[in-house]
Amino acid sequence: MHIVSLYDAYNLVTDVYIAPGQDENVDYLYNAAQALLVDNPYGDFIEEAKAGNYNHLSDDEYTDRQSPMKSISLALFDNQANENVFKLLALAVRYMMTYSEHLDEYAERLDAERSMEGEDGSAEDEDYE
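This structure is a prediction, so every number in the text was calculated from the model and none was measured.

Remarks on a negative patch on the surface
Stage number 1. A surface patch of negative charge is lined by Asp39, Asp44, Glu47 and Glu48.
Stage number 2. For the negative patch, the element with the most residues is helix H2 (residues 41–50), which contributes 3 residues.
Stage number 3. Along the chain, glutamate 47 falls in helix H2.

With respect to the pattern of salt bridges
Stage number 1. Under the defined criterion, the tally for this structure stands at 2 salt bridges.
Stage number 2. The residue aspartate 15 makes a salt bridge to lysine 87 at a minimum N-O spacing of 3.4 Å. With aspartate 15 in strand S2 (residues 13–19) and lysine 87 in helix H4 (residues 85–98), the pair connects residues that are 72 residues apart, well separated along the chain.
Stage number 3. Residue lysine 87 is classed as buried on the basis of its relative accessible area, which comes to 14%.
Stage number 4. Salt-bridge contacts for lysine 87 lead to glutamate 83; the nearest nitrogen and oxygen are separated by 3.7 Å. Both residues of the pair, lysine 87 and glutamate 83, belong to the buried class.

Brief notes about a nonpolar patch on the surface
Stage number 1. A surface patch of nonpolar side chains, amounting to about 290 Å² of accessible area, comprises Leu89, Val93 and Met97.
Stage number 2. Its location among the elements puts valine 93 in helix H4.

What to know about helix H3 (residues 59–77)
Stage number 1. Its 19 residues give H3 an end-to-end C-alpha distance of 25 Å, which sits within 8% of 27 Å, the value for a rise of 1.5 Å per residue.
Stage number 2. Along its length, H3 reaches its greatest deviation from straightness, about 25°, at glutamine 66, and the proline proline 68 lies no more than four positions downstream.
Stage number 3. Among all positions in H3, only Gln66, Ser73, Leu76 and Phe77 are buried.
Stage number 4. Tucked into the core, H3 has its buried residues touching strand S3 (37–39), H2, strand S4 (82–84) and H4.
Stage number 5. A positive phi of about 50° marks aspartate 78, the residue just after H3.

Regarding H2
Stage number 1. Two or three places before tyrosine 42, at the opening of H2, asparagine 40 has a side-chain oxygen 2.9 Å from that residue's backbone nitrogen.
Stage number 2. Positioned one or two residues after H2, glycine 52 has a phi angle of 90°, which is positive.

Rules of the game
- Residues numbered from 1 in each chain as written.
- Predicted model: local features only at pLDDT ≥ 70, side-chain atom pairs only at ≥ 80, totals over all residues.
- Heavy atoms only, no water.
- Patch = residues over 30% accessible without salt bridge, like charges linked within 9 Å, V, L, I, M, F, W, Y side chains within 5 Å.
- Areas by Shrake-Rupley, 256 points an atom, 1.4 Å probe, with all protein chains shown as cover.
- Salt bridge = Lys/Arg side-chain N within 4 Å of Asp/Glu carboxyl O.
- Lys, Arg positive; Asp, Glu negative; His and termini not counted.
- Charge placed at Lys NZ, Arg CZ, Asp CG, Glu CD.
- Helix = DSSP H or I, 4+ residues; strand = E, 2+ residues; numbered from the N terminus.
- Buried < 20%, exposed > 50% of the residue type's maximum accessible area, 1.4 Å probe, protein only.
- Expected span 1.5 Å × (residues − 1).
- Bend = angle between axes of the 7 residues up to and from the residue.
- Contact = heavy atoms within 4.5 Å.
- Polar contact = N/O pair within 3.5 Å; in protein donor to acceptor, adjacent residues only side chain to side chain.

Have a look at this one:
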């Protein structure tokens, strides 16, 4: 069994899949690959919504719950019902790399907040390195 990765022009992963090795039982590989599928969580969200589990929420509250699920569905699952765990991990890393400058800004903001908390005595400043 081999894990095959495909990349775009920016050398970021676009797809990851399992391919059979020489003389490998293709049926066995297919069954193994099926065991590595992760269901799209947006499908569960939709089923819960249809069952009325969110009827008590305002439109804004519902949208606040739905939006992240839709984003995950589109970004990591390409709106498919499931995806293999290798591709999900690769795409998560891709998004982290793509938006790393935003992650750096967020980390700097958190560090600044922690420093300010430590100055007034409300929380200890801890070194996480």
